[in-house]
Structure formats: C-alpha cells, structure tokens
Amino acid sequence: MNKFYSVSSIGELYVPTECRDAVFARGSVRLFAHQELKNIGRIFTHIQRGGVAVAEGEWEQITTIMDYIQRHKKELSTTNNGRAERGKSRYQRSNPKQDREAALLKLMCWANQKGILQVEPAPVGPYLLELIGEPPDVNEDCPFLVPVLTVQRIQNALQETYPIHALDVSLVASENVLAPRSQETIECFQEALQSVWSGNLPSKPIVADIGCGCGCLTLLAQQELGEAKIYASDILPEAIATTKLNLQRLLPNSENVQVMQPGDLFDPFPSVQFDIVIFNAPWVVARVRNRAELAIHDEKQQTLKRFFEQVPNYLKPGGTLLLGYADASGPKAIANLETIIDESGFACKDLFKRRVATHRSKRKWEHIQVYVLT
C-alpha cells in the first residue's frame with residue numbers, strides 16, 4: 001500500500017500505518033480549515049459517507065467536532081450496502097462496532113514536516129511522529145496525517161505524571177509506554193547501581209539501558225554513576241520520544257546521555273561495548289497482543305533468550321549486567337530464567353529483592369528482583 005497521499009492546498013502527506021485503511025479507501029479526503037470547522041454537520045456527513053476529514057484551525061473547535069462524532073457514532077458505518085453484506089458469510093461480514101471505531105479515525109489533523117500540528121494551540125509538542133508509533137524520518141521530510149483520537153490519547157497520557165522517589169522528580173509516560181509505577185523496582189535498580197559503582201568500574205563507565213521506556217533507569221544511572229556515558233534504546237518509537245521528553249525536561253544540557261534510534265534489543269548498537277548493561281526484562285510469560293504489552297509480555301521467554309544470546313557481544317570483559325525480573329508468572333519462569341543465565345556463562349554476584357502485594361486473588365504477593373550478573 002502507498003504511504004503518501006496528496007491533499008489539495010496541503011500537498012503530499014505521509015500517511016501513518018494506522019491511517020492507511022481510512023485514507024486509501026474509496027471515500028475522498030478533504031481539508032476543513034478554520035471557519036469551515038463550524039459546520040459540524042457537513043463534516044459529519046462527509047465522514048458518514050466514508051470520507052476523511054482533515055481539520056485545521058482551533059483545537060477546541062476540533063475537539064468539539066470529535067465530541068459530536070462520538071455522540072453520534074452509532075450513525076457511522078464503513079460497511080458496504082446491506083445487500084452486499086447479506087451476500088457474505090457470517091465470517092466475512094463486517095463488525096458494526098469495529099466499523100464505527102474505525103470511522104472515528106477518519107477525523108484527522110495534520111502536522112508539517114517538522115512535526116508541528118496545524119492546530120491552535122498545538123496540544124502535543126515535539127516528537128509527534130514517534131509518539132504515534134512511527135520511526136523518525138519515515139515521512140521523508142513531508143507533512144503527515146494524525147487521527148484526532150490519537151492526538152487526544154497522547155495528550156491525555158502526557159498530562160499524567162509519575163513521582164519517582166529515588167530521583168525526587170516526576171516523569172511522564174506516553175501511550176503504549178510502560179509507566180514507572182513500581183517504586184520497588186526502581187529501588188532495587190538503585191541499590192544494584194550503587195553496589196556496582198562501589199566496585200572496580202572505570203571513572204567514566206559506558207552504560208546501555210536496553211528497553212528504556214520512559215527513561216527512568218537512564219536517569220537513575222546518570223544520577224548514580226557520576227560521569228557515565230549512557231546510551232538509551234527501545235523498540236518502540238513512542239518510548240524513545242518519551243525518554244527524550246523526560247531528559248529534555250530534567251537534563252536539558254546533558255551531553256552524557258544519548259538516545260538511540262528505535263530498534264530491537266542491541267540493533268541500535270552496531271559496534272559499542274559497555275561496562276554496564278541494564279535490562280528490565282518483560283516478566284509475564286504470555287503472548288503480546290498490542291504495543292503496550294511489549295514491555296511486559298514475553299511469549300515463551302523468547303525475548304529473554306534472544307537478549308542473552310546477544311549481550312555477550314556487547315559487554316566488555318569484566319562488565320556487569322543488571323537484569324530486572326519478577327516472579328509474576330510463577331516459579332517455573334524463574335527457574336527457566338536462571339537456567340538461561342547459567343547456560344549463557346553468567347554468574348550472579350548479587351541479588352536485590354522486594355516483596356510487593358498484588359491485586360490477584362490467587363496470588364497475594366510477588367517478588368521483584370534485580371540480578372547483578374558478571
């Protein structure tokens with residue numbers, strides 16, 4: 001499917017993955033700008049007929065249109081006519097609820113090539129393309145489309161802050177990014193970093209935070225390890241963007257932290273070797289069903305196995321691995337983890353643990369632990 005679409009009076013636009021079905025359907029894509037936004041009925045009818053409405057102007061007016069569409073979404077449909085639907089089997093027929101949800105994405109706004117939304121005031125700041133889950137520069141220096149619903153979800157996520165006691169600051173976490181709610185996990189990593197720092201580290205250690213998420217452990221390593229050079233990476237573009245946002249707010253002039261391009265595990269690091277590798281691994285042995293579960297779920301512990309296959313190539317001789325894990329999936333998962341550690345040639349030098357209450361009826365407590373591996 002094509003990735004670009006031309007809209008009159010704007011020009012060539014990059015179409016993110018989540019928008020493509022809507023934009024490249026048979027309905028037309030039309031810009032509604034400024035005064036035209038007051039004609040809510042006309043915009044709704046355009047979407048109702050299968051078109052895409054691109055809104056430009058006051059954000060408050062655009063959200064008013066979105067509210068109207070939400071209230072009347074039962075009148076929306078992306079299905080064919082009833083006769084065509086009756087000719088299909090029950091497995092082929094469209095799901096009306098899913099159709100209506102898909103139709104909600106047909107109200108869009110657009111951002112220029114620098115990622116600045118063409119609404120007033122812009123509700124989301126820098127790194128918008130990454131925050132919607134797209135790799136940086138994928139738009140090839142073109143403007144791009146964003147569903148209004150997506151902007152609202154990102155806006156709502158970034159408005160919530162998470163206090164981090166070990167850092168004495170609060171962080172933000174965008175949509176799909178694991179929020180730093182577990183003070184116990186952060187405390188375990190803090191103790192582990194302090195134990196490593198008291199050992200035989202170079203004065204300026206080189207550190208990798210693999211799966212940086214919102215950047216919490218990157219900031220913690222910067223706090224605990226003095227003049228360390230820290231590299232942060234994550235598979236999700238939205239996590240990379242969130243880490244950048246938190247670093248800009250809390251360490252605006254730091255030259256010791258580098259946030260890499262998004263990539264799986266060590267893919268962003270073609271040649272760097274580290275004194276310390278930090279990895280808060282996904283700890284629930286289950287299938288990943290959506291982007292938000294990438295940081296938590298690891299089917300058959302495949303991500304863990306791939307990590308241990310790769311990490312020896314990126315750790316200096318005598319280097320240290322700090323691995324976070326929890327026993328949420330039971331003793332078998334922990335036994336498998338420790339087998340993977342042993343078979344990879346690592347030895348556990350230290351272990352920092354916390355017992356935390358759960359909200360599950362069958363399991364009242366679970367243990368969070370950070371392994372110090374050499």
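You'll find the structure just up there.
Residues numbered from 1 in each chain as written. Predicted model: local features only at pLDDT ≥ 70, side-chain atom pairs only at ≥ 80, totals over all residues. Heavy atoms only, no water.

**Q** Explanation requested: the pattern of salt bridges in the structure shown.
**A** Pairing is possible between side chains of opposite charge, provided their charged atoms come close. Summed over all chains, the structure comprises 9 salt bridges. Notably, a salt bridge pairs Arg30 with Glu36, separated by 3.4 Å at the nearest N-O pair. Its relative accessible area of 29% is what places Arg30 among the partly exposed residues. The exposure class assigned to Glu36 is partly exposed, which follows from its relative accessible area of 32%. Residue Glu191 is joined to Arg354 by a salt bridge in which the shortest nitrogen-to-oxygen separation is 2.5 Å. Separated by 163 residues along the polypeptide, Glu191 in helix α8 (residues 183–197) and Arg354 in strand β15 (residues 348–357) bring together distant segments of the chain. One salt-bridge network, held together by shared partners, links Glu187, Glu191 and Arg354. (Salt bridge = Lys/Arg side-chain N within 4 Å of Asp/Glu carboxyl O. Buried < 20%, exposed > 50% of the residue type's maximum accessible area, 1.4 Å probe, protein only. Helix = DSSP H or I, 4+ residues; strand = E, 2+ residues; numbered from the N terminus.)

**Q** Could you clarify how one ought to interpret the sheet that holds strand β14 (residues 315–326) in this entry?
**A** In sheet architecture, strand pairing relies on hydrogen bonds along the backbone and comes in two forms, parallel and antiparallel. Taken together, 7 strands build an open sheet; the order of strands is β12-β11-β10-β13-β14-β16-β15 and the sheet is mixed. Of all the strands in the sheet, the pair left with one neighbour each is β12 (257–259) and β15. Each strand of the sheet is rotated relative to its neighbour by a mean of 15°, with strand direction disregarded. Summarising the sheet, strand β10 (residues 206–210) and strand β13 (residues 274–280) pair through 4 bridges and their orientation is parallel. Paired with Val207 across the bridge in β13 is Ile276. Packed onto the sheet, helix α9 (residues 216–224) meets β10, β11 (229–233), β12 and β13 and runs at close to 175° relative to β11. Sitting on the sheet, helix α11 (residues 302–310) is in contact with β10, β13, β14 and β16 (365–373), with an inclination near 170° to β14. (Pairing = 2+ DSSP bridges. Axes fitted to C-alpha atoms, helices over the stretch in contact; angles between N-to-C directions. Contact = heavy atoms within 4.5 Å.)

**Q** Hey, could you run me through the side chain of Lys244 in this one?
**A** Along the polypeptide, Lys244 turns up in helix α10 (residues 237–250). Of the residues examined, Lys244 reaches a relative accessible area of 19% and is grouped as buried.

**Q** Sorry, what's going on with the nonpolar core here?
**A** Across soluble globular proteins, nonpolar side chains have a tendency to be buried as a group. Ile43, Ile69, Leu107, Leu117, Leu128 and Phe144 are the most contacted members of the largest nonpolar core, which totals 38 residues. A total of 5 residues in this core trace back to one element, the largest contributor, which is helix α3 (residues 59–71). Look past the residues within four positions of Phe144 in its chain and what remains in contact with it is Leu13, Tyr14, Cys109, Trp110, Ala111, Asn112, Gly115, Leu128, Leu129, Ile132 and Asn139. Counting 34 residues, the second largest nonpolar core, distinct from the first, contains Ala179, Ala192, Ile276 and Phe352. (Core = buried A, V, L, I, M, F, W, Y, C linked by side-chain atoms within 4.5 Å.)

**Q** So what exactly am I meant to see when it comes to the packing of α8 against α9 here?
**A** Between two packed helices, the angle of one axis relative to the other and the distance separating the axes together describe the packing. At a minimum axis distance of 10 Å, the contact between α8 and α9 shows a crossing angle of 35°. The hand of the α8/α9 crossing is right-handed. From α8, Ile186, Phe189, Gln190, Leu193, Gln194 and Trp197 reach across to α9, where they touch Cys216, Leu217, Leu220, Ala221, Gln223 and Glu224. (Left-handed = near helix turned anticlockwise from the far one by under 90°.)

**Q** Help me understand the packing of α11 against helix α12 (residues 331–343) in this model?
**A** Where α11 meets α12, the axes come as close as 10 Å, and the angle between the chain directions of the two elements is 15°. In terms of their interaxial angle, α11 and α12 are classed as roughly parallel. Regarding α11 and α12, the two cross each other, and that crossing is right-handed. Two secondary-structure elements touch here, α11 through Leu304, Lys305 and Phe308 and α12 through Leu337, Ile340 and Ile341. For the contact of α11 with α12, the residue count by class is 5 nonpolar, no polar and 1 charged. (Parallel < 35°, antiparallel > 145°, perpendicular 65-115°, else oblique. Nonpolar A, V, L, I, M, F, W, Y, C, P; charged D, E, K, R; others polar.)

The values are spatial; any link to function lies outside them.
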